[in-house]
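Below, each chain spelled out in residue letters.
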Amino acid sequence: MKRFLSSIIDGRGFDIGLVSLPLAFLLTLSGLPLLYNIVMSFQEVDMFSLGSFWRPFVGFKNYRDLFAQPETWPILANTATFVVASIVGQFLVGFGLALFFWTNFPGASWLRGLFLVSWVMPGLVVGAIWNWILSGDFGVLNFILRETGLIDGNIFWRSDPGFSLWAVIIANIWLGTSFNMILLSVGLSAIPRDLYEASELDGANVWQRFWTITLPMMRSSIGAIIALGLIFTLQQFDLFAAITSGGPNNASNVTQYWAWDLSFRQYDFAKGATISVIMIVFVMIASVVYVRSTRHEVRG
Amino acid sequence: MTAQIELTNVNKYYGAYHALKDIELSIRKGSFTALVGPSGCGKSTLLRSLAGLESISSGTLKIASEVMNAVPPRKRDVAMVFQSYALYPHMTVEENLTYSLRIKGVAKAERKKAANEVAAVTGLTHLLGRYPRELSGGQRQRVAMSRAIIRHPKAFLFDEPLSNLDAALRVHMRKEIRALHDRLGATSVYVTHDQVEAMTMADHVVIMRDGVIEQQGSPLQLYDRPANKFVAGFIGSPAMNFLPAVGGQDGRSIILDLGIKQTIALDRAVQPGRPLIVGLRPEHIELAEAGEGVLSAPVALVESTGATCFLTMQTTPELSVVFNGRSEARAGDRVGLNFASASIHLFDADTERRLPD
């Protein structure tokens, strides 16, 4: 008791106590499930063995079976398309908006705040709204495309296998743009004004200033936002559940939705866990990129 | 005597705030001009207007005889050294130096050659591969100057470039900048709030207050014949003593009010009874034996740096005296004070303008 008291007074040991609390939390609620998931991907799991931890160990059988399935590669390809297109879309629109609001016209910060609305909305609600927008018969998107003469007939965004994945991508770009914009805005405002003044006096025009000052100075922000984007898009589940449910015929299915589908609708827990492990690898890579890019901040 | 920079009737408004008022300034080619004044006087605004980073509201601004009012900074061909240095943190020293050449599309080999030449002049050769964050304050300062030099601009603009350095380095860099200016034969405009910097470095000093040029001229002109009380008090350290007085009845003397009234003979005519401010530089007052000299006053405080002695007299207003050497006087002693009549500056008590000699 005396030692504990003195540890509070002189601070020695108390810091470890403070750190161990969130560490214990992380370990029980994130670390253990993660490990359990990895273990499960090497086991034979069915409804009857679900309750026990000691299940028959089958090595890489789950992985071999998974890649033997005909839908696996298309779904992985869908995931890649979804991630790349979402990140590119979110980043380009977000960066464009961030640069636009950076010009600081009257009302800029107010308007920028409004953009955050998309970010605070739950994915399911966003999905429901986009269901209406994307609707084949009466959707606003089809109306606009038709009236501008871009398409002749209606596109059935959610039920056409050629479009269903893009329907979710469009909704996801809308959902993630404001987060990109805010993070990039912060990065932009951290660039000292006098760098632009110096480069202007050195003869650089707007375009040259963007390429030689803005982009290099934003390197760490951009690295962070792309790594976070990768993590967030790999987590994106609600939109799939709300808009296409992975259909038709897996045309818009992605790994994160498929893992849930395998585990909790087909009760093939082992395969669900296997898919999750593959995803963990990618998220880990993204996390490393994220940590490294935030550490590499370049500030005068 | 060609003017490299000419400002005629220049005004600058920020909304309702009048930042520059009817600025008339001609900067000779090859000269070193200092803009000096207390903070908020408009000196930085004036410099940034020369650079084009601020637009002027009215008047004409010419650089090398070309009207520059609406010309963007990148086409003015002037280089600026910022107070923060504004080095590009993501570029090495060499890349910082050659940035302007790169923008112009100069070939890589030629850029390297130019960087090496400038680095040799400014002593940066061994630092070319470093990043700004790996440099000391003085080295960053040198990079900022080299970045300006490499361009051979029409004018160098300095915005308080030494204020982030420690005192010893500041004195050193002062000389270095001036030597560089002479070697390059450049036209320099230098903003500072430090009158010592302005006096020691510049050929032409412009003193500003509240957006107005109070006086301009050579450093010694400003020191010897300040146009008004503000300039007189701004130039010189320690600051000039200001004492209330009125013109004597004979028209050739003044009656000083130092708590007790004392009459002092003058070498010029003055209107009898006219309220005056008498300016007396501390370094123009000499100590004399008690009872001798023009004035007599008790000592309030003696401060000595070893080489120089600062005396504060127990008068109202306080009178300070400075001289080289040491003093036997102690606080409370009564001493005599002597000064030449020619060293007296007279200002009108109302307008604070200098009276004609």
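All figures in this text were calculated on a predicted structure; none of them were measured in a lab.

The rules we used
Along every chain, residues carry numbers that run from 1 in the direction the sequence is written. For naming, the first written chain is A and the first written ligand is 1, with later ones following in the order written. Given that the model is predicted, a residue must reach a pLDDT of at least 70 before its local features are reported, and side-chain atom pairs must reach 80 or more before they are shown or counted; all residues, however, enter totals for whole chains, interfaces and linings. Working definition: helices are DSSP H or I runs of at least four residues, strands are E runs of at least two. Numbering for both runs from the N terminus. Any residue surrounded by 20 or more other C-beta atoms within 10 Å of its C-beta is treated as buried, while 12 or fewer makes it exposed and the intermediate range makes it partly exposed; C-beta atoms here are placed from the backbone. Any pair of residues counts as being in contact when their C-beta atoms, constructed from backbone geometry, are within 7 Å of one another. Residue polarity is assigned by list, with Asp, Glu, Lys and Arg as charged and Ala, Val, Leu, Ile, Met, Phe, Trp, Tyr, Cys and Pro as nonpolar; anything else, Gly included, falls into the polar class. Domain extents, as shown, originate in an automatic or database domain assignment. Strands qualify as paired when DSSP identifies two bridges or more between them. The convention used is that axes are lines fitted to C-alpha atoms, helices contributing only their stretch in contact, and that angles between N-to-C directions extend from 0 to 180 degrees. The pLDDT value tells you how sure the predictor is about a given residue, anywhere from 0 up to 100. Working rule for angles: under 35 degrees goes down as roughly parallel, over 145 as roughly antiparallel, 65 to 115 as roughly perpendicular, anything else as oblique. In this scheme the handedness of a crossing depends on how the near helix is turned from the far one: anticlockwise by less than a right angle means left-handed, clockwise means right-handed. The term nonpolar core refers to a group of buried residues, namely Ala, Val, Leu, Ile, Met, Phe, Trp, Tyr and Cys, whose C-beta atoms join them within 7 Å. Here the expected span of a helix is defined as 1.5 Å times the quantity of residues minus one. Comment: arc refers to directions from the helix axis out to C-beta atoms. Bend at a residue means the angle formed by two fitted axes: the first through the 7 residues ending at that position, the second through the 7 residues beginning there.

1. Observations regarding the overall build of chain A
Scanning chain A from N- to C-terminus turns up 15 helices and zero strands. In terms of overall dimensions, chain A has C-alpha extents of about 75 × 70 × 30 Å along its principal axes. Within chain A, the proportion of its 300 residues that are buried is 32%.

2. Looking at the overall build of chain B
Counting its regular elements, chain B contains eight helices and 20 strands. Judged by the C-alpha coordinates and their principal axes, chain B covers about 75 × 45 × 35 Å. Counting over 357 residues, chain B shows a buried share of 40%. Expressed as a percentage of contacts within chain B between residues at least 6 apart in sequence, the contacts between residues at least 24 apart total 63%.

3. Points about the interface of chain A and chain B
Each side of the interface is counted separately: chain A has 19 residues, and chain B has 20 residues. At the level of secondary structure, the elements contributing two or more residues to the side of chain A that touches chain B comprise α10 (193-201) and α11 (206-217) of chain A. Residue contributions to the side of chain A that touches chain B peak at seven residues, all from α10 of chain A. When grouped by side-chain class, the residues that make up the side of chain A that touches chain B number nine nonpolar, five polar and five charged.

4. Concerning the domain arrangement of chain B
Residue and element names in this part refer to chain B. Taken domain by domain, chain B holds domain 1 (3-234) and domain 2 (241-348). Taken together, the contact pairs five residues of domain 1 with five residues of domain 2. Looking at the side of domain 1 that touches domain 2 residue by residue, the classes come out as two nonpolar, two polar and one charged.

5. So, the sheet that holds strand β20 (residues 345-348) of chain B
Residues and elements named next belong to chain B. As summarised here, the arrangement of the five strands in space is β13-β12-β11-β14-β20, forming an open sheet in which the pairing is antiparallel. Each having just a single partner strand, β13 (260-265) and β20 make up the two edges of the open sheet. On average, each strand axis in the sheet is tilted by 40° relative to the strand beside it, whichever way the strands run. With three bridges joining them, strand β11 (residues 241-247) and strand β12 (residues 253-258) adopt antiparallel strand pairing. Each residue of the ladder has a partner; that of valine 246, found in β12, is isoleucine 255.

6. Observations concerning the environment of leucine 180 of chain B
Position of leucine 180 of chain B relative to the elements: it lies in helix α5 (residues 167-184). Along the primary structure leucine 180 of chain B and glycine 59 of chain B are separated by 121 residues, whereas in three dimensions their C-alpha atoms are 32 Å apart.

7. Some remarks on the sheet that holds strand β1 (residues 3-14) of chain B
All names here are of chain B. Taken together, four strands build an open sheet; the order of strands is β2-β1-β4-β5 and the sheet is antiparallel. Two strands close off the open sheet at either side, each with one partner strand: β2 (17-28) and β5 (66-67). Examined bridge by bridge, strand β4 (residues 58-63) and β5 share two bridges and lie antiparallel to one another. Directly across from lysine 62, in β5, lies its bridge partner valine 67. Helix-sheet contacts for helix α1 (residues 43-51) involve β1, β2 and β4, and the interaxial angle to β2 is about 65°.

8. What to know about the confidence of the model for chain B
Predicted confidence across chain B gives a mean pLDDT of 90, with 100% of residues reaching 70 or more. Predicted as a complex, the structure gets a pTM of 0.80 and an ipTM equal to 0.83.

9. A few points about the packing of helix α7 (residues 123-134) of chain A against helix α9 (residues 164-189) of chain A
Between two packed helices, what matters for the description is the angle formed by their axes and the separation of those axes. Residues and elements named next belong to chain A. Between α7 and α9, the shortest axis-to-axis distance is 10 Å and the interhelical angle comes to 125°. Overall, the two elements α7 and α9 adopt an arrangement that is oblique. When the axes of α7 and α9 are compared, the crossing they make is right-handed. Contact with α7, carried on its side by Gly123, Val126, Gly127, Trp130 and Leu134, involves Ala167, Ala171 and Leu175 of α9 and no other residues of that element. Its residues assigned to classes, the contact of α7 with α9 comprises six nonpolar, two polar and no charged.

10. Considerations on the nonpolar core
By size, the foremost hydrophobic cluster in this structure holds 98 residues, and its most contacted members are Ala34, Leu35, Val78, Leu157, Val189, Val206 and Val278 of chain B. Split by domain, this core shows at least three residues from each of two domains, domain 1 (3-234) and domain 2 (241-348) of chain B. Residues contacting valine 78 of chain B, with those up to four places away along its chain left out, are Leu201 of chain A together with Leu50, Ala51, Ile63, Pro153, Lys154, Ala155 and Leu157 of chain B. Grouped together as the second largest cluster of nonpolar side chains are 45 residues, Leu134, Leu228, Trp258 and Ala259 of chain A included.

11. Side note on unusual backbone geometry
Excluding glycine, residues mostly have negative phi values, and the peptide bonds linking residues are mostly trans. Residues and elements named next belong to chain B. Along the chain, serine 237 connects to proline 238 via a cis peptide bond; the corresponding omega equals -5°. Turning to its location among the elements, proline 238 is positioned in the loop between α8 (229-234) and β11. In this chain, threonine 316 is followed by proline 317 through a cis amide linkage whose omega measures -10°. Note on placement: proline 317 falls in the loop between β17 (308-313) and β18 (319-324). In the Ramachandran plot, tyrosine 85 falls in the positive-phi region, its phi being about 75° despite a non-glycine side chain.

12. Some thoughts on α7 of chain A
Residue and element names in this part refer to chain A. With twelve residues, α7 should cover 16 Å at 1.5 Å per step; its first-to-last C-alpha distance of 16 Å lies within 8% of that length. Listing the buried residues of α7 in full gives Val126, Gly127, Trp130 and Leu134. The buried residues of α7 all sit within an arc of 100° when viewed along its axis, so they share a single face. In α7, the exposed positions that point more than 90 degrees away from the buried face belong to Val125 and Trp132. Next to the buried residues of α7 lie α8 (140-147), α9 and α13 (238-243).

13. With respect to α9 of chain A
Note: α-helices contain 3.6 residues per turn, so residues at a spacing of three or four share the same orientation. All names here are of chain A. End to end, α9 covers 38 Å across 26 residues, agreeing with the expected 38 Å (1.5 Å per residue, within 8%). The principal kink in α9, of about 35°, is found at glycine 176. Taking burial as the measure, the 26 residues of α9 include 19 buried ones, the bulk of the element.

14. Some words on the pairing of β4 of chain B
Residue and element names in this part refer to chain B. Both β1 and β4 contribute to a ladder of five bridges, which runs antiparallel. The residue bridging leucine 7 from the neighbouring strand is leucine 61, located in β4. Where β4 folds back onto β5 in an antiparallel hairpin, the turn is made up of two residues, including alanine 64, whose phi is positive at roughly 50°.

15. A word on the environment of glycine 306 of chain B
Residue and element names in this part refer to chain B. By secondary structure assignment, the location of glycine 306 is in the loop between β16 (295-304) and β17. Look at glycine 306 and you get exposed, because 7 C-beta atoms sit within 10 Å. When the C-alpha positions of glycine 306 and glycine 325 are compared, they lie 7.3 Å apart, and in sequence the two are 19 residues distant.

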